[in-house]
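So the chains spell out like this:
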Amino acid sequence: MKLSGETVLSAPREWVWDLFNDPQRLSKLIPGCEKLEILGPDEYSGTLNVGIASVKGVYSGKLKLEDKRAPEHYRMLVDGKGKQGFIRGSGTLDLEARNAKSTTIKYAGDVQIGGPLVQVGQRVIDSAAKMMLGQFFAAAEAELQAEASGKVARQGIFLNLWRSIVRLFARFFRRQ
Amino acid sequence: MYPSAFEYHRASSVKDALKMLADYGEDGKLLAGGHSLVPIMKLRLAQPAHLIDISGLPELGAIREEGGKIVIGAMTTHRAVESSSLVRAKLGLLAECAALIGDIQVRNRGTIGGSIAHADPAADYPAAILALEAEIKIESVSGSRTVKAEDFFIDLMTTAVRPGEIVTEVALAPISTGCGFAYLKHRQPASGFAMVGVAVLLALGKSRTCERARVGITGLAAKPFRARAVESALAGKDPAQAFASAAAHAADGIDAMSDIHAAADFRAELARVYTRRALEMALPRAKA
């Protein structure tokens with residue numbers, strides 16, 4: 001399944017880039033995301049609890065970011081599975097500054113989905129993916145708006161501090 | 001495959017079903033005709049711990065006339081709708097639509113309430129229900145509310161029905177005398193689902209111009225919709241001249257679905273062609 005499209009978020013490109021590289025904040029925006037943890041530099045593991053109509057399932061997997069060029073581009077590799085099927089794929093994300101206050105996000109990806117899910121879901125998988133992407137971008141827009149109005153700004157200091165501590169620990173444990 | 005184990009409960013009334021739905025919460029699932037739910041349970045994509053069967057409730061299975069409207073109980077089967085003399089006489093569009101759903105086995109079991117609550121993007125009923133401007137009654141332990149068809153379908157398999165609620169009735173105003181109508185679909189040959197389905201209601205003015213048109217389209221997008229661009233392109237026009245150009249707007253501004261059977265472009269083209277054909281079929285049935 002190929003997925004591509006673009007959307008506009010009303011925030012400066014740097015803000016969008018920071019958001020898209022911040023697992024803590026991202027985990028709140030991804031529909032059904034139950035956890036997103038740092039495995040290493042640009043590598044995360046996560047759990048999604050997806051429910052569309054009566055089809056509900058828990059999927060866990062890994063997410064890896066490659067070819068990072070801040071603040072404009074990265075490639076994302078996804079590999080996840082659940083009882084009902086698997087999802088494997090890659091995609092690119094490009095951020096273009098439209099002006100000082102808004103950013104165009106272009107995405108393109110190729111995703112393979114397999115397992116029982118496909119047997120009944122084939123007809124609606126594309127639409128389900130589009131629906132979840134739509135929900136994600138709507139949540140991202142709300143998050144960026146909140147940031148703009150300063151609600152998150154103060155928390156940000158502590159978050160950044162917390163993140164540096166986490167990173168420090170991650171590095172420390174990898175060395176051993 | 002066998003479904004995972006579940007408890008089967010037969011509700012004795014709507015009230016009883018609502019209570020069970022409230023008690024079991026996330027673990028409970030309503031069973032109507034079962035022609036969408038049971039296949040996904042057999043693949044274990046859905047594993048409800050409690051199935052609450054409402055299909056046998058007589059209070060949900062009747063078709064009646066009330067306050068100038070025709071009220072169809074949510075558990076009325078497609079077969080009962082298609083063969084009801086009341087529906088055939090006053091809601092010909094709905095009867096024709098019901099007759100084209102799936103196959104005879106599906107029509108004998110599947111229900112109008114189950115179909116719209118499941119909101120499969122390729123289901124037939126939603127197109128007709130939108131064109132007929134139906135009102136859907138939804139009940140919960142705290143009371144009942146009525147939702148217009150256009151506000152009912154929200155997104156892919158997502159409706160205005162909230163957890164703990166049951167769709168109990170669909171109320172429709174009879175089609176005015178002289179109104180032409182048609183439901184046409186491009187059928188997916190294996191499943192019978194609508195790759196695109198178009199329901200049209202057409203009222204002509206004195207000089208046989210289009211006085212009013214309502215067009216509902218299913219199968220094209222993640223949710224069924226009213227094709228307002230087509231409707232407004234027809235208003236006040238001479239049908240013979242306006243049909244082709246109006247039908248060309250059938251997919252305007254719509255994010256068409258894509259699957260192994262039909263790519264988005266092809267689906268959009270099907271919508272335009274079937275809209276024109278449905279209009280052409282409705283015209284000779286309309287009287288000024």
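Scroll up to find the structure.
Structural notes, computed from the coordinates. Bear in mind the structure is a predicted one, so any value in this text is a computation, not a measurement.

**Points about the overall build of chain B**
- The secondary structure content of chain B amounts to twelve helices and 14 strands.
- Based on the C-alpha atoms only, the size of chain B along its principal axes is roughly 60 × 45 × 30 Å.
- Taking all 288 residues of chain B together, 54% fall into the buried category.
- Restricting the contact set of chain B to residue pairs at least 6 apart, pairs at least 24 apart contribute 62%.
- Taken as a whole, chain B presents about 12300 Å² of accessible surface, with 52% of it coming from carbon and sulfur.
- The averaged location of the 31 negative side-chain charges in chain B is 5 Å from the averaged location of its 33 positive side-chain charges.

**Concerning the packing of helix H1 (residues 13-20) of chain A against helix H4 (residues 125-148) of chain A**
Residues and elements named next belong to chain A.
- Relative orientation of the contacting elements H1 and H4 amounts to 120°, with a least axis distance of 11 Å. The pairing of H1 with H4 is recorded here as oblique in orientation. Read as a crossing pair, H1 and H4 show a hand that is right-handed. Every residue of H4 that contacts H1 at Trp15, Val16, Leu19 and Phe20 is listed here: Phe136, Phe137, Ala140, Glu143, Leu144, Glu147 and Ala148.

**Things to note about the nonpolar core**
Residue and element names in this part refer to chain B.
- In this structure, Leu93, Leu94, Ile116, Tyr125, Ile129, Ile136 and Phe152 are the most contacted members of the largest nonpolar core, which totals 54 residues.
- Per-element accounting of this core gives the leading share, six residues, to helix H8 (residues 125-131).
- With residues up to four places along the chain from it excluded, the contact list for Tyr125 reads His78, Val81, Leu94, Cys97, Ala98, Ile101, Ile112, Ser115 and Ile116.
- Judged by nonpolar contacts, the second largest core, of 36 residues, contains Ala182, Ile217, Ala250 and Ala251.

**Thoughts on the packing of aromatic side chains**
- This structure, assessed with the given rule, holds five aromatic pairs over all chains.
- The interplanar angle of 35° and the centroid separation of 5.7 Å between the aromatic rings of Phe20(A) and Phe136(A) together place this pair among those described as tilted. Within this pair, whereas Phe20(A) is found in helix H1, its partner Phe136(A) is found in helix H4, the two being separated by 116 residues in sequence.
- Stacked on the ring of Tyr274(B), the Lys or Arg Arg277(B) has its end atom at 5.2 Å from the ring centre.

**Quick word on the interface of chain B and chain A**
- Between chain B and chain A, the residue contacts involve 23 residues of the former and 18 residues of the latter.
- Here chain B packs against chain A, burying approximately 1800 Å² in sum over the two surfaces, 63% of which is carbon and sulfur.
- Looking only at chain B, the three residues that lose the most surface to chain A are Leu43(B), Leu45(B) and Leu156(B), adding up to 34% of its buried area.
- Counting across the chain B and chain A interface gives two salt bridges.
- Across the salt bridge formed by Asp255(B) and Lys130(A), the nearest N and O atoms sit 3.3 Å from each other.

Reading the values: the criteria
- Residues numbered from 1 in each chain as written.
- Chains lettered and ligands numbered in written order.
- Predicted model: local features only at pLDDT ≥ 70, side-chain atom pairs only at ≥ 80, totals over all residues.
- Heavy atoms only, no water.
- Helix = DSSP H or I, 4+ residues; strand = E, 2+ residues; numbered from the N terminus.
- Buried < 20%, exposed > 50% of the residue type's maximum accessible area, 1.4 Å probe, protein only.
- Contact = heavy atoms within 4.5 Å.
- Areas by Shrake-Rupley, 256 points an atom, 1.4 Å probe, with all protein chains shown as cover.
- Lys, Arg positive; Asp, Glu negative; His and termini not counted.
- Charge placed at Lys NZ, Arg CZ, Asp CG, Glu CD.
- Axes fitted to C-alpha atoms, helices over the stretch in contact; angles between N-to-C directions.
- Parallel < 35°, antiparallel > 145°, perpendicular 65-115°, else oblique.
- Left-handed = near helix turned anticlockwise from the far one by under 90°.
- Core = buried A, V, L, I, M, F, W, Y, C linked by side-chain atoms within 4.5 Å.
- Phe/Tyr/Trp six-rings, centres within 6.5 Å; stacked < 30°, edge-to-face > 60°.
- Lys NZ or Arg CZ within 6 Å of the ring centre and 35° of its normal.
- Buried area = accessible area lost by both parts, 1.4 Å probe.
- Salt bridge = Lys/Arg side-chain N within 4 Å of Asp/Glu carboxyl O.

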